[in-house]
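Secondary and tertiary structure notes
Residue-level listing of the chains:
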Amino acid sequence: MPKISLDAERARQQLAAQTQHLNDSISNLSQLDSRHQSAERDEIFSADGVRLYHYHPTAHCSKTSRTQTPLLICYALVNRPWVLDLSPERSFIRRLLDEGIPVYLIDWGYPSRSDRFLQLDDYLEDYLDRCVDRVLQHSAGEKLNLAGICQGGVLSLCYTALHPDKVRNLITLVTPIDSAQPSFRLGRLTAHIDLELAGAAYGNLPGPLLNEIYQALKPMRLGLEKRLQAGKELSGDSERALNYLLMERWLNDCPDLASAALQEFVQLFFRDNALLKPEGFELAGKTLRMQALTLPLLNIFGLSDHLVPPETTSALQQITDSGDYTELAVKAGHIGTLTGRRALEQVPTAIAHWLRQRDF
């Protein structure tokens, strides 16, 4: 059996460094308030657990740069939308407001046990459609701009196909389009999960279970390596520590998913790859074809996105007949495309510029 050789001085230095990290972390944590600060907003509509918010314009916004058409953000049913407004320094929504974009946001809330019977058409033709109508009423507009994030991007594509008369411009961010791409491991993983059995056992799919599925995509990076890195993150400057805590809080604020709607979503868009079918697919009592989408489209994705790889997202260009299609590739991961420092400097500005050119 080989002998174990230990360098006592190196071990002492490593222990001292870890002790210093721990002391710095305790000092930071004692001074931090981990509650996120949201931009000023009003709740203008609610239905069951769903809330619709209107955000107030910011003082940084010039009246001459404001767009007239409101922007409604449709977040995913997974996780919570407050990641878009983590803090004043790390806020996707505040950056849009500063650019003169009138922002509205749907908060899907936390499904109750009785919501396990909700179908996708309940989300599209009831909740989402009523939110759209309320935004149009509140803004006195005829059409709105719709931005869908991740799963919300798929919902937004479907909604626009159902109601093209209500949407002027469509933006998709980190949205899964082509589930057949080999790099789309989430699609391959869900192919082996019996969601019907999970629905029978739990009613709704539990949020913590969903988190475990995500972590299984990169077990070392999102498991052991992340825990080892925590001390370094918390022992840095206070802003860095606060952002780390807020992100961890958000990652663990994972609502349950309505069972029937989840089963339908996975079957249609992951297993059947319905968005790519030229003949279309049945949803909400209609046949939807992505080729029928002819409105301006802005498709944003992260080049380092392990959850929704860029080739999965960029397939959107192949399936629509939009004569005004634009792509924005960001050097970031899935969440980093929305919250990373460089992305926050780039993405909201690009969205605002793109919308101003089409604000008519």
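Computed from a predicted model, the values in this text were never measured in an experiment.

1. Side note on the overall build of the chain
- Across its full length, the chain carries 14 helices and 10 strands.
- Taking all 360 residues of the chain together, 52% fall into the buried category.
- When contacts within the chain are restricted to residue pairs at least 6 apart in sequence, long-range pairs at least 24 apart make up 77% of them.
- When the accessible area of the chain is evaluated, it comes to approximately 17200 Å², of which 50% is carbon and sulfur surface.

2. Observations concerning the packing of aromatic side chains
- By the definition in use, this model includes 6 aromatic pairs.
- Grouped by ring-pair contacts, the aromatic residues Phe184, Phe265, Phe269, Phe270 and Phe281 constitute a single cluster.
- Of note, Arg41 hangs over the ring of Tyr53, and the distance from its end group to the ring centre comes to 3.7 Å.

3. Observations regarding unusual backbone geometry
- For Val174, which is not glycine, the phi torsion reads 40° and is therefore positive.
- For Val174, the location among the structural elements is in the loop between β6 (167-173) and α5 (185-190).
- Phi at Asn273 takes a positive value of approximately 50°, unusual for a residue other than glycine.
- Using a relative accessible area of 13% as the deciding quantity, one classes Asn273 as buried.

4. What about empty space enclosed by the protein?
- Inspection of every chain in the model, using the stated rule, returns 2 cavities of 30 Å³ or more.
- Its boundaries defined by the atoms lining it, the largest cavity holds a volume of some 50 Å³.
- Broken down by secondary-structure element, the contributors of at least two residues to the lining of the largest cavity are α3 (120-139) and α10 (259-271).
- The element that contributes the greatest number of residues to the lining of the largest cavity is α10, accounting for 3 residues.
- Here the residues of the lining of the largest cavity sort into 8 nonpolar, 1 polar and no charged.

5. Focus: the sheet that holds strand β4 (residues 103-107)
- On the basis of which strands lie adjacent, the open sheet formed by 8 strands has the order β1-β2-β4-β3-β5-β6-β9-β10 and mixed pairing. In the strand order of this sheet, the two ends are held by β1 (41-47) and β10 (325-330), each with one partner. For this sheet the average axis-to-axis angle between neighbouring strands, irrespective of direction, equals 20°.
- Relative to strand β5 (residues 144-149), strand β3 (residues 71-74) runs parallel, the two being bridged by 4 bridges. Following the sheet pairing, Cys74 is matched in β5 by Gly148.

6. Re helix α4 (residues 151-162)
- Counted at 1.5 Å a residue, the expected span for α4 with its 12 residues is 16 Å, and the 17 Å between its end C-alpha atoms agrees.
- Of all 12 residues in α4, 11 are buried; the element is thus mostly enclosed.
- Within α4 the residues assigned to the buried category are Gln151, Gly152, Gly153, Val154, Leu155, Ser156, Leu157, Cys158, Tyr159, Thr160 and Leu162.

7. Brief notes about the pattern of salt bridges
- Applying the stated criterion across every chain yields a total of 10 salt bridges.
- Arg356 is paired through a salt bridge with Glu99; the nearest N and O atoms lie 2.9 Å apart. With Arg356 in helix α14 (residues 341-356) and Glu99 in the loop between α2 (92-98) and β4, this residue pair connects regions lying 257 residues apart in the sequence.
- On the basis of relative accessible area, Arg356 is assigned to the partly exposed category, the value being 33%.
- The partner of Lys166 in a salt bridge is Asp129, and the shortest N-O contact between them spans 2.8 Å.

8. Side note on the layout of surface pockets
- Considering only enclosed or pocket space, the second largest pocket measures out at about 170 Å³ in volume.
- Together, 12 residues line the second largest pocket, and Pro57, Arg66, Thr67, Gly100 and Pro102 are the ones closest to its centre.
- By residue class, the composition of the lining of the second largest pocket is 6 nonpolar, 5 polar and 1 charged.

How each quantity is defined
- Residues numbered from 1 in each chain as written.
- Predicted model: local features only at pLDDT ≥ 70, side-chain atom pairs only at ≥ 80, totals over all residues.
- Heavy atoms only, no water.
- Helix = DSSP H or I, 4+ residues; strand = E, 2+ residues; numbered from the N terminus.
- Buried < 20%, exposed > 50% of the residue type's maximum accessible area, 1.4 Å probe, protein only.
- Contact = heavy atoms within 4.5 Å.
- Areas by Shrake-Rupley, 256 points an atom, 1.4 Å probe, with all protein chains shown as cover.
- Phe/Tyr/Trp six-rings, centres within 6.5 Å; stacked < 30°, edge-to-face > 60°.
- Lys NZ or Arg CZ within 6 Å of the ring centre and 35° of its normal.
- 1 Å grid on protein atoms, 1.4 Å probe; cavity = no way out; pocket = protein on both sides within 12 Å on 5 of 7 lines; lining within 4 Å.
- Points joined across faces, edges and corners; volume = space filled by probe spheres on them.
- Nonpolar A, V, L, I, M, F, W, Y, C, P; charged D, E, K, R; others polar.
- Pairing = 2+ DSSP bridges.
- Axes fitted to C-alpha atoms, helices over the stretch in contact; angles between N-to-C directions.
- Expected span 1.5 Å × (residues − 1).
- Salt bridge = Lys/Arg side-chain N within 4 Å of Asp/Glu carboxyl O.

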